[in-house]
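Here are the chains, one letter per residue:
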Amino acid sequence: MNGQNFQPIRLIDYRPPEFLIDELLLTFRLKQRGTLVQASSMIRRNPSADRRNGPLRLCGEQLQLVELRLDDRRISLQDVCVTDWELIIENVPDVFKLQITTRVDPEDNTALSGLYRSSAIYCTQCEAEGFRRITYFLDRPDVLARYTTRIEAPQEECPVLLANGNLVAAGEMDDGFHFAEWQDPFPKPSYLFALVAGDLVKIEDEFVTASGRRVTLQIYVHERNRNKCKHAMVSLKKAMRWDEQVYGREYDLDQYMIVAVDDFNMGAMENKGLNLFNAKYVLADPRSATDQDYLAIEGVIAHEYFHNWTGNRITCRDWFQLSLKEGLTVFRDQQFSADMNSAAVQRIEDVRLLRQFQFREDAGPMAHPVRPDQYLEINNFYTVTIYNKGAEVIRMLHTLLGPETFRRGMDLYFQRHDGQAVTCDDFVAALADAADRDLTRFKHWYVQAGTPRLTVTEQWDERHCTYVVTVAQATPATPGQPDKLPLHLPLLVGLLGSDGGDLAARVSCPYERRGNDLLLELKEVQQDFVFREVPEKPVLSFLRGFSAPVIVNPFQSREEAAFVMQHDSDLFNRWDAAFSLAEAVILECLAKLVAAETMELDPVYLEAIHYLVGHPTDDRSLTALALQLPAENHLLQALKQIDPVALHEARRFVKQELAGRLADGLLNLYHDNEPSATYRLTGDQVGRRSLRAVCLDYLVLLGEEQQDLLELCAHQYRQGGTMTEKIGALSALAQVPGALRDEIFDHFENQWRSDPLVMDKWFALQAASPAADTYDRVKKLLDHPAFSLKNPNKVRSLLGVFGQNHVHFHHESGRGYRLLADRICQLDPLNPQLAARLMQPFVTWRRYTKDRRQLMEQILQEIGGQAGISRDVYEIVSKSLA
Ligand code: PHE
Ligand code: ZN
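Residues numbered from 1 in each chain as written. Chains lettered and ligands numbered in written order. Predicted model: local features only at pLDDT ≥ 70, side-chain atom pairs only at ≥ 80, totals over all residues.

Basically, it comes down to this: UniProt positions are given in the numbering used here, feature names are shortened, and annotations may be inferred rather than shown by experiment.
In the annotation of an unreviewed UniProt entry, the entry for the protein chain reads Aminopeptidase N, and the organism field reads Desulfofustis glycolicus DSM 9705. Recorded in UniProt for the protein chain, the comment headed Function (unreviewed entry) runs: "Aminopeptidase N is involved in the degradation of intracellular peptides generated by protein breakdown during normal growth as well as in response to nutrient starvation." Under Catalytic activity (unreviewed entry), UniProt gives the following word-for-word description of the protein chain: "Release of an N-terminal amino acid, Xaa-|-Yaa- from a peptide, amide or arylamide. Xaa is preferably Ala, but may be most amino acids including Pro (slow action). When a terminal hydrophobic residue is followed by a prolyl residue, the two may be released as an intact Xaa-Pro dipeptide."

Given below as structure tokens:
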């Protein structure tokens, strides 16, 4: 394999920086090729460094060094050492000014890290290590400097010039150039630097903070998108108010800017005062964006805004601490979305994502702790573990401490560490001190990878009216961590009586009550929880609200699960009961299929779903979620050896069977829940649209015999006034190849070919389709004029989604593997970060049937053998094969 000389970075090697930079003046003279960057820094030796006489070593990549001056004297470039990743200057004084001029070519920057161009806009992306692609610098998050940024650019091409902070000067220059100077009063690490220049329009609004300061809010987009920013602006104001009310945090600059760009590797970026967004998370109108898009925009806008306190004012000491800002900020945005919308729906969506993607990561060769201790390429560690398991860890602290104590802990954290670059330990210490609690064992969550499994056993002593729940925990081995320590975790539970009511208030037990729930704290490998004066044998409602990110081994009968599904006061657990029931039923069918026995639908399950369809709750989104079967991505985790085709067939059988048996009920539900003609983003309206989409998704499976059901789909597509309804119809139809499907997909393409965000949906629906012709279509779509390997949204919609399409990606011929692998190799030299992300479906290759395993192993070796393989892809390949 190539790339063996890449060196891992280790947490134990962390040393404080030898130099500090307090002040930085940046001047950009922008050109598509040959942009000149002058960086003038005030540098001094760090009094608390281990070493006080070493050379100055600055990071730099893909730079052309033009000129160097130390205390205003020119240094010959012969007297310094320049490598592919460093500039080393020997014998520097203790305090000095350094001026560096570098040259970069934004037009040729396809990696979308550093300074690049997207749809004629100059923009930057510096997290994690992009600043070193702009100038030589101490590009590490524990070096905080005050930035002044001067941008010079052709006025015609770039009427708008933006950087972090406040505008302090602007004016015209010779040769049609103009300039703007921005000053950011808050010291910040280089990863939060940003610059934007181009022809953009701005949408403006105002926010008055709790203490009465006026903040100007601006969203910058291309002229054609001017009318698609309203929702983002409303979301921003909601987020600002919420952070004041819930965390007592106010915004701190006079201006808050958001810029939407078309080419972006991630969702968005929290640069101080100047957020950069993937256009997907800004632009929306009801005609072109779905309800899901609207909710995602609200969440991401809030996420980036919340970073201002959790990430920017208090930042990370090093990248091993990434979850310090990301886990905490995801937790905050989840809380916000739960407050703005349906809390139960939000929790279900968050848990679905965690189970499908994080549990899968945690069980494979890329498993790593929330605070990793080693990496090759930090870009590979922006993972569901850091983000979403990290958020679960914060949520557990919130549950253990209770909301008030948690808030006191947060206050203490802000008070202690404002303006600093700190660690996850510092964060937990602030909470522990505020709560006056020992969280030592809890901290194992930060250092230990793998998803714990809980085994639950119940004992009912009728004579003494005593009920004992025994819970045992075990975390499976993960790479580099063969032995696991017990964790400290909060278990919220309820006890249901035979009438379905909560018994918790009536029983005697030493456990803290949280509303309807009891809080059990598991700290040992195994513990008994005892409840006395329990009047009858209860049905246990375990792990309410998914109070810990664990897998619970099934311990209840299907009848009990159905009971929880119907009666639990915890809405999350109602859904979860439906989910685990469905999981058990599908896996049972799969076992039959593999054993060549006839598959049958469990009557208990059918009855439970039948009841659900006949008695939908007021929260229609909840009913819609309970009707959806677990994704293949989730189901496969329970299998020793994955046969993706058999799994798909078993799941499809259950779906088809439900459709057939419940057709009348589903059709009634569909007709009873027509949304209003004018678009509103209320829980009621969103619920109607999603419930109808789920109904269609089932009903369309009966289309072969009942043509009118296909017509129902077509009718919704043609008549539906919103993108949500159109996508609902399209995604149902995508399952049934035929003339009608083709006609409607073509119609959609014709209507939307010039809207890239809508075309992403069209690509994704085809790449996700179980229909037999999916491979051929995806292959053809790679040559579609709207597709481009250079645009990450396109790559994710077509190739990323195809990689998650189990039946087709894992086709026994290996053609699915080949298709993806070829594009990864093509993409790697252009955008290694994105190429590495596309590797994800190969990572768990060892779990599949033998033939597939062999094919994937070969492919991995082939990719690993590529000349010039990036560090990003190399890390994934080498860890997968290890
Ligand atoms: N920090 C960003 C966020 O989560 C994500 C991001 C990481 C964006 C790296 C770009 C590059 O909000
Ligand atoms: Zn973030």
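Back to the write-up after that little detour.
## Quick look at the sheet that holds strand β2 (residues 19-29)
Let me state the cut-off plainly: In this description, strands pair whenever DSSP reports at least two bridges between them. The secondary structure listing takes helices from DSSP runs of H or I that are at least 4 residues long and strands from runs of E that are at least 2 residues long, numbered from the N terminus.
Strand order in the open sheet made by the eight strands is β6-β5-β9-β3-β2-β12-β15-β14, with mixed pairing throughout. Looking at which strands have only one partner, the edges of the open sheet turn out to be β6 (73-74) and β14 (166-172). Of the strand pairs in this sheet, strand β5 (residues 64-70) and β6 are connected by two bridges, and their pairing is antiparallel. Paired with R69 across the two strands is R74, which belongs to β6.

## Considering the sheet that holds strand β7 (residues 81-82)
Strand order in the open sheet formed by three strands is β4-β8-β7, and the pairing between neighbours is antiparallel. Edge strands, defined here as strands with exactly one partner in the open sheet, are β4 (56-59) and β7. Pairing geometry for β7 and strand β8 (residues 86-89), over two bridges, is antiparallel. Bridge pairing in β8 links C81 to I88.

## Here we look at the nonpolar core
Selection criterion: For this analysis, nonpolar core means a set of buried Ala, Val, Leu, Ile, Met, Phe, Trp, Tyr and Cys residues linked through C-beta atoms within 7 Å. Residue burial here comes from a neighbour count, namely the number of other C-beta atoms, placed from the backbone, that lie within 10 Å of the residue's own C-beta, with 20 or more meaning buried, 12 or fewer meaning exposed, and in between meaning partly exposed.
In terms of nonpolar packing, the biggest core is built from 251 residues, with V196, V259, V282, L581 and L696 touching the most fellow members. With twelve residues, the top contributor of residues to this core is helix α10 (residues 571-594).

## So, the packing of helix α16 (residues 707-719) against helix α17 (residues 723-733)
Selection rule: In this analysis an axis means a line fitted to C-alpha atoms, helices contributing only their contacting stretch, and an angle means the value between N-to-C directions, from 0 to 180 degrees. For classification purposes, an angle smaller than 35 degrees is called roughly parallel, one larger than 145 roughly antiparallel, one from 65 to 115 roughly perpendicular, and anything else oblique. Left-handed describes a crossing whose near helix is turned anticlockwise from the far helix through less than a right angle; right-handed describes the clockwise counterpart. Working definition of a contact: two residues with C-beta atoms, positioned from the backbone, lying within 7 Å. Any residue outside Ala, Val, Leu, Ile, Met, Phe, Trp, Tyr, Cys, Pro, Asp, Glu, Lys and Arg is labelled polar, Gly included; the first ten of those are nonpolar and the last four are charged.
Axis separation between α16 and α17 bottoms out at 8 Å; the angle between their running directions is 150 degrees. When the interaxial angle is binned, α16 and α17 end up roughly antiparallel. For the pair α16 and α17, the crossing hand works out as left-handed. Together, C713, Q716 and Y717 of α16 and E725, K726, G728, A729, L730, A732 and L733 of α17 make up the contact between the two elements. Tallied by class, the residues present in the contact of α16 with α17 amount to six nonpolar, two polar and two charged.

## Remarks on the domain arrangement of the protein chain
Here is the rule we go by: A domain assignment, automatic or from a database, supplies the domain bounds used here.
Segmentation of the protein chain into domains returns domain 1 (1-199), domain 2 (314-446), domain 3 (453-548) and domain 4 (553-705). For domain 1 and domain 2, the distance between their C-alpha centres works out to 30 Å. The partner domain 2 presents 14 residues to the 13 residues of domain 1 that form the contact. Its residues placed into classes, the side of domain 1 that touches domain 2 shows ten nonpolar, no polar and three charged.

## Describing the site of ligand 1
The cut-off we apply is this: By definition, a residue lies near a molecule or strand provided its backbone-derived C-beta atom is within 6 Å of it.
Around ligand 1 there are 13 residues in total, and E127, M266, M269, E270 and Y382 lie nearest to it. Looking at the shell around ligand 1, the elements that each hand over two or more residues are β20 (268-269) and α2 (291-306). In terms of residue class, the shell around ligand 1 is made up of five nonpolar, four polar and four charged.

## As for α2
This is how it is decided: Expected helix span is taken as 1.5 Å per residue step, with the number of steps being one fewer than the number of residues.
Taking 1.5 Å of rise per residue, the 16 residues of α2 would be expected to cover 22 Å, and the 23 Å separating its terminal C-alpha atoms lies within 8% of that figure. Of all 16 residues that make up α2, 13 are buried, and the element is covered over most of its length.

## A closer look at the UniProt feature "domain: Peptidase M1 alanyl aminopeptidase C-terminal" (unreviewed entry) in the protein chain
According to UniProt, the "domain: Peptidase M1 alanyl aminopeptidase C-terminal" (unreviewed entry) feature falls on residues 559-882. For residues 559-882, helix accounts for 70% and strand for 0%, while the C-alpha atoms at its two ends are 44 Å apart.

## Structural notes on the pairing of β2
Looking at chain direction, β2 and strand β3 (residues 35-45) are connected through ten bridges and run antiparallel. What sits directly across from R29, in β3, is L36. Connecting β2 to the next strand, β3, in antiparallel fashion are five residues, including G34 with a positive phi near 85 degrees. As paired elements, β2 and strand β12 (residues 145-154) share seven bridges and run parallel to each other.

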